[in-house]
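# Remarks on the overall topology
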Amino acid sequence: MTKPTAPRSRRALLRATLLPAGVAVSLVLVPLPGAFAAPSADAVISEVYGGGGNSGATLKNDFVELANKGAAALDLAGYSVQYLPGTPSAGSQWGVTPLTGSIPKGGRYLIAEAAGTGGTVALPTPDATGTLALSGTSGTVALVQGTAPLTCKTAADCAAEPRIKDLVGFGTAVVREGSGPVTGASNTASVSRKAGLPDTDDNAADLVAGPTSPVNSKGEVPDGDTPPEPTEPGTVRIHDIQGTTRLSPLTGKNVAGVPGVVTAVRTYGSKGFWFQDPNPDADPATSEGLFVYTGSADPTVKVGDSVLVTGKVAEYYPAFSAGGQSLTQLSGPSIAVVSSNNPVPAPFVLNDRSIPAAYTPDAAGGSIEALPLKPADFALDRYESLEGMNVQIKDVRVVQATDEYHELWVEARRKDEKSKRGGVIYLGYDNPNSGRLMVQSALPEATRPFPVANVGDRLEGVSAGPLDYNRFGGYTLVANTIGARVDNGLEREVTKDAAPGELTVATYNVENLDPSDPAEKFAQLAQGIVTNLRAPDVVTLEEVQDDNGATNDGTVDSGATLKKFTDAIKAAGGPAYDWRTVNPENNKDGGEPGGNIRQVFLFNPARVSFTDIAGGTATTAVDVKGTGKTTSLTASPGRIDPANEAWASSRKPLVGQFVFKGKTVFVIANHFNSKGGDQGLDSRFQQPTRSSEVQRIKQAQVEQAFVAKLIAADPQAKVVSLGDFNDYQFSPALTALTKDGVLRDLVNELPEKQRYSYVFQGNSQVLDHILVSPALKHAKYDIVHINAEFAQQASDHDPQIVRVKP
């Protein structure tokens, strides 16, 4: 729980009624219940055990377990856990165990405390170790922001202590939250928080006594927790474990003899198997399938085995992306095979009829985990209601090409908005395309090669297997059976020739290019510029690394990288490009540590000249001087307001002054900050928070002000701003950049089905843009699709080009 910064009068333990002077005073003492504070949004005390090593105990040590229900890891530097006896005396003091490290998002953190003389089982490797000797039956444990001992000894005084993050009183503890302490702790039982980690600041309501279940930040449990092999079906079924929300009502509980039939086995990555109850209940919200995690051991069962599984119910958050969904699973299992060669339950068919068009319920940015699933109303609820179950798709389009991890995305709902070349197009936050589904193989690549497919190809026939959730985000069909790939004949595009008098300006994100990259990558990128872009007059490059790539030794120059690339362009039949750039400060512009990515101007001096104006450095802000036809930059190349906090740990815009057929053209090369840290479209928080957007809006405002200054100096200023803006055409950042009409975003002039330069989680979308000032009325724009839709890529971005007549 998060405590207030000062006591409140309503928390006083005494109420006094004072009469006027001269009148007898009557003092009435009224005891009040324990005070309440705002519940914690992240760290809570999830389990407390004080019977370690006592008579009858299995575990050797006392312990305290913390849990993090927040969307990010929680740094515990400066925190402590503290303990007070249940009935403190005047001389009682809080004992302190300082903490280090962090609690993973969705994870646990284990603090080992004093050992007794008994017990036979050690805790899993603790994340912190102390010497506090907890009572097995009564006491108070607090999670404290600080390491100085607390001084409070009553519920009210501790409720007013601002350093207390959370507090658990058990047994007959005087210091507790709410109406009373949680009861039932003993030498054989801990007190632990209920499923979903509720924190209503009422210990008696939020926690319950039960078997010990310590888990550390790695998800490890005591070796002695492996249960005996089940001999008969228990009372719990898979649908009881899955429940009607995203979180199991039995999280943290050991369940015995759960029956089902094995539907798939995974012997790589997160090893284990899926099993499914062939006798479902009548509730469409409760999944009948479940994953059994076997740790580092290969599962010994096979598809078709009828099994009984005993294990501990856990919610695992596999996603690297913030706010990803959890997977309900059984860990630490003991498995009995009852029979073999049984038919697997028939798959649930995912198609237009079964996948709703509406994607997700809206919780106003909050978690949807506790909401009842409505699979007939929302696609995310449909997928969650099938978690772990055998599902099927048939005759589906590939909407994201096969990647290096042997995965691809398909469109299981054919009514989603289609792109021109066979993908699905992302045109607004309100339409994320609900039928997108990842497909990966249940078998290792060496056992069964995965189809190598491009966007628009088809998987003909049936693809079937259990429904999982990928660690990078996205519900995933783990296929036992994969449809046959049918080639759609997708070809790489070539842009049109420029007309006489047209200046061609292109942008290309070359994805962390450095001299150590294979010659093949340089050759492919060069071929794209020479053949597919038809050797533009000016090319702005993004993600050019320094001369030793990710080696973090202070190198910032990129001359070797650019020479190798321009040589590759000449070898591909292209012009002898010259280049201009401004080296960044070491490790100040984000990207891969040590790589020092930056933007670069390539230009063909036979077609266009670069106006060199001294003064541009990594930290010097370029400005505008002159008016009308004499309008000029104060430095070329230069960086726009590089000291502005909008560019912290991000690339600063590079601006250059060119002359084409006697006309001055200002070109701005951009690479705005990434979307790292944003919650995904399929987040458990809906609507998802786009935290990175705040910085891009600031960046857009800084650049818009610079362009506005250019246009104020010369209303006929010819400006081309282009690059990887890491945001959509409908985003607040692009709205800010185009404010007052200083720039127009050319992607909005394409037909909707052609508006994309990147493919992510099956959505074809815009991240790269070319914008022009009002003076450039003649602007012919093209996104040249040569990478994003293909399994074989030189970069993950498609380049773009504009033909203008200055």
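Thresholds applied
Residues numbered from 1 in each chain as written. Predicted model: local features only at pLDDT ≥ 70, side-chain atom pairs only at ≥ 80, totals over all residues. Heavy atoms only, no water. Phe/Tyr/Trp six-rings, centres within 6.5 Å; stacked < 30°, edge-to-face > 60°. Helix = DSSP H or I, 4+ residues; strand = E, 2+ residues; numbered from the N terminus. Buried < 20%, exposed > 50% of the residue type's maximum accessible area, 1.4 Å probe, protein only. Lys NZ or Arg CZ within 6 Å of the ring centre and 35° of its normal. Pairing = 2+ DSSP bridges. Axes fitted to C-alpha atoms, helices over the stretch in contact; angles between N-to-C directions. Right-handed = clockwise from strand over helix to strand, strands pointing away. Salt bridge = Lys/Arg side-chain N within 4 Å of Asp/Glu carboxyl O. Expected span 1.5 Å × (residues − 1). Contact = heavy atoms within 4.5 Å. Lys, Arg positive; Asp, Glu negative; His and termini not counted. Polar contact = N/O pair within 3.5 Å; in protein donor to acceptor, adjacent residues only side chain to side chain. pLDDT = per-residue confidence, 0-100.

## Here we look at the packing of aromatic side chains
Summed over the entire model, instances satisfying the criterion amount to 19 aromatic pairs. Each ring, one from Y429 and one from F730, has its centre 5.0 Å from the other, and the planes form 90°; the classification is edge-to-face. Here the residue Y429 occupies a position in the loop between β22 (424–425) and β23 (436–441), and F730 occupies one in the loop between β38 (719–724) and α8 (732–737), the gap between them amounting to 301 residues. Of the residues examined, Y429 reaches a relative accessible area of 26% and is grouped as partly exposed. Ring centres of F601 and F610 lie 6.2 Å apart, and the angle between their planes is 45°; this geometry places the pair in the tilted category. Of the two residues, F601 and F610, both sit in the buried class. Within the aromatic cluster, the residues linked to one another by ring pairs are Y426, Y429, Y728 and F730. When the ring centre of F790 is taken as reference, the NZ or CZ atom of R492 above it lies at 4.1 Å.

## Considerations on the sheet that holds strand β15 (residues 289–295)
Across a sheet, strands are paired by hydrogen bonds formed along the backbone, either parallel or antiparallel in direction. Strand order in the closed barrel formed by five strands is β13-β14-β15-β17-β16, and the pairing between neighbours is mixed. Taken pair by pair, the neighbouring strands of this sheet meet at an average axis angle of 55°, ignoring direction. Sheet topology places strand β13 (residues 254–266) next to strand β14 (residues 271–276); five bridges connect them, and they run antiparallel. Counted as the bridge partner of V265 is F273 from β14.

## A short note on the pairing of strand β28 (residues 538–544)
Of all seven residues making up β28, seven are buried, and the element is well covered by its neighbours. Regarding the hand of the β-α-β motif, the stretch spanning strand β27 (residues 503–513), helix α5 (residues 519–532) and β28 is right-handed. As paired elements, β28 and strand β30 (residues 598–603) share five bridges and run antiparallel to each other. In the strand pairing of β30, V544 is matched with R598.

## Notes on the pattern of salt bridges
All told, the structure shown has 36 salt bridges when counted by the stated rule. Across the salt bridge formed by R193 and D206, the nearest N and O atoms sit 3.9 Å from each other. Of this pair, R193 sits in strand β11 (residues 190–193) while D206 sits in helix α2 (residues 203–206), and the two are 13 residues apart along the sequence. You'll find R193 and D206 in the same group, each marked buried. Linking D727 and K675 is a salt bridge whose minimum nitrogen-to-oxygen distance equals 3.1 Å. Pair noted here: D727 is in the loop between β38 and α8 and K675 is in the loop between β36 (663–671) and β37 (685–686), with a separation of 52 residues, a long-range link. Look at D727 and you get buried, because its relative accessible area is 0%. Three or more residues are tied together by salt bridges with common partners; here these are D166, R193, D199 and D206.

## Structural notes on helix α7 (residues 693–713)
Helix length check: α7, at 21 residues, gives a terminal C-alpha distance of 30 Å against a target of 30 Å (1.5 Å per residue), a fit within 8%. Those residues of α7 that fall on the buried side of the exposure criterion are E693, R696, Q699, A700, V702, E703, Q704, F706, V707, L710, I711 and A713. Summarising the contacts, the buried residues of α7 are in contact with β32 (624–625), β33 (632–633), β35 (654–660), β36, β38 and α8.

## With respect to the environment of E703
Following the sequence through the fold, E703 ends up in helix α7. As a C-alpha pair, E703 and T738 span 35 residues in sequence and 9.8 Å in three-dimensional space. Beyond its immediate chain neighbours, meaning those up to four positions away, E703 contacts I640, P653, I668, N670, F672, S721 and L737.

## A closer look at the side chain of E543
In this structure, E543 sits in strand β28. Lacking a salt bridge, the buried E543 has R651 as its closest oppositely charged neighbour, with an N-O distance of 6.5 Å. Among the polar contacts listed, one links the side chain of E543 to the backbone nitrogen of N512, at a separation of 3.1 Å. Apart from the residues within four sequence positions on either side, E543 is in contact with N509, V510, E511, N512, L513, I597, R598 and H671.

## A closer look at the confidence of the model for the protein chain
When pLDDT is averaged along the protein chain, the result is 92; 94% of the residues meet or exceed 70. Low pLDDT (under 50) marks residues 1–37, which in the prediction has 62 contacts with non-local residues, meaning those over four places away or in another chain.

## Observations regarding unusual backbone geometry
In the segment running from S636 into P637, the intervening peptide bond is cis, with an omega of 0°. For the bond from Q686 to Q687, the omega torsion is -5°, close enough to zero to count as cis. Secondary-structure assignment places Q687 in the loop between β37 and α7. With phi around 50°, S649 is a residue other than glycine that occupies positive phi space. Take S649: it is sitting in the loop between β34 (638–639) and β35. One non-glycine residue, K661, lies in positive phi territory at about 50°. By secondary structure assignment, the location of K661 is in the loop between β35 and β36. A relative accessible area of 60% places K661 in the exposed class.

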